[in-house]
Amino acid sequence: MTQDFYCDEVLSGNTKVNIVMETDKVLAYHHTRPYYKHHIVVIPKIHIQSFISQEEENNDELLLEIMRVIKKVAADMVVQTGSSKIVTNLGTYQDSKHQHWHVVSGERIQ
């Protein structure tokens, strides 16, 4: 796997995705290889390595916009399925070195 699937594939347009919500700075889309019955990924549209990385652009303004999108996606998922879970990974748990959040619901399928 590439070190940054999101920049290399999703944001470049190399991999087409089914968009759920988009703002100027944030993209939410259906996971291309879902691990759960309902699985949406939320990413910043600029390269930010992780939730705790020190890029100047990884600031409160960006985090608030990401959280607004996550809140809307999670709320919609609760209406549709009755539940949702929000997850992000750091360090060695992070398979792609681009900040990303998973909003999931339902049974694990992988």
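Cut-offs applied
- In this convention, every chain numbers its residues from 1, walking through the sequence in written order.
- pLDDT decides what is reported in this predicted model: residues at 70 or higher carry local features, side-chain atom pairs at 80 or more are listed and counted, and totals for whole chains, interfaces and linings draw on all residues regardless.
- Note that the side-chain values use all heavy atoms of the structure and ignore hydrogens as well as water.
- A run of H or I in DSSP becomes a helix once it reaches four residues, and a run of E becomes a strand once it reaches two; helices and strands are each numbered from the N terminus.
- Two things to know: the radius of gyration comes from C-alpha atoms, and the globule rule equals 2.2 Å times the number of residues to the power 0.38.
- Residue exposure (1.4 Å probe, protein chains only): buried if accessible area is under 20% of the type maximum, exposed if over 50%, otherwise partly exposed.
- Throughout, the Shrake-Rupley method with a 1.4 Å probe supplies accessible areas, and for residues the shown protein chains are the sole cover considered.
- Charge assignment: positive for Lys and Arg, negative for Asp and Glu; neither His nor the chain ends contribute.
- Where a charge sits is defined by one atom per residue type, namely NZ (Lys), CZ (Arg), CG (Asp) or CD (Glu).
- A pair of strands is treated as paired once DSSP finds two or more bridges between them.
- We call two N or O atoms a polar contact when they sit within 3.5 Å, provided that within protein one can donate a hydrogen and the other can accept it, with sequence-adjacent residues counted only if both atoms are side-chain atoms.
- Working rule for contacts: check all heavy atoms of both residues, and any pair within 4.5 Å makes them a contact.
- UniProt positions are given in the numbering used here, feature names are shortened, and annotations may be inferred rather than shown by experiment.
- The term salt bridge refers to a pairing of a side-chain nitrogen on Lys or Arg with a carboxyl oxygen on Asp or Glu at a separation within 4 Å.

**Student:** Lay out the overall build of the protein chain in plain terms, naming residues and giving numbers.
**Tutor:** Looking only at helices and strands, the protein chain has two helices and five strands in total. Secondary structure elements in the protein chain, listed N-terminal to C-terminal, are α-β-β-β-α-β-β. Computed over its C-alpha atoms, the radius of gyration of the protein chain comes to 13 Å, within 12% of the 13 Å expected for a compact globule of 110 residues. Dimensions of the protein chain, computed from the C-alpha atoms along their principal axes, are close to 35 × 30 × 25 Å. Per-residue burial over the protein chain gives 35% buried out of 110 residues. Entry remark: accessible area of the protein chain is about 6700 Å², with carbon and sulfur atoms responsible for 52%. Here the protein chain carries 11 positive and 14 negative side-chain charges, and the mean point of each set is 9 Å from the other.

**Student:** Describe the pairing of strand 5 (residues 101-108), naming the residues involved and giving the relevant values.
**Tutor:** Pairing between strand 3 (residues 36-44) and strand 5: six bridges, direction antiparallel. Bridging from a neighbouring strand, Ile 40 pairs with Val 103 of strand 5. Where strand 4 (residues 85-88) meets strand 5, four bridges bridge the pair, whose relative direction is antiparallel. From the neighbouring strand, Val 87 faces strand 5, where its bridge partner is His 102.

**Student:** Break down the side chain of His 98 for me, with residues and values.
**Tutor:** Considering the arrangement of structural elements, one finds His 98 in the loop between strand 4 and strand 5. Reaching out from His 98, the side chain makes a polar contact with the side chain of His 47 at a distance of 3.5 Å. His 98 has contacts with Asp 4, Tyr 6, Cys 7, Leu 11, Ile 43, Pro 44, Ile 46, His 47, Ile 48 and Gln 49, leaving out every residue within four places of it along the chain.

**Student:** Just give me the short version of the UniProt feature "domain: HIT" (unreviewed entry) in the protein chain, but keep the residues and values in it.
**Tutor:** The sites that UniProt annotates as "domain: HIT" (unreviewed entry) are residues 6-110. A helix fraction of 27% and a strand fraction of 29% characterise residues 6-110, whose end C-alpha atoms lie 20 Å from each other.

**Student:** Explain the pattern of salt bridges to me, using residue names and the numbers behind them.
**Tutor:** Counted by the stated rule, this structure contains three salt bridges. One salt bridge in this structure joins Glu 61 and Lys 25, with 2.6 Å as the shortest N-O distance. One end of the pair, Glu 61, is in helix 2 (residues 60-81); the other, Lys 25, is in the loop between strand 1 (19-22) and strand 2 (26-30), with 36 residues separating them in the sequence. Owing to a relative accessible area of 33%, Lys 25 belongs among the partly exposed residues under this scheme.

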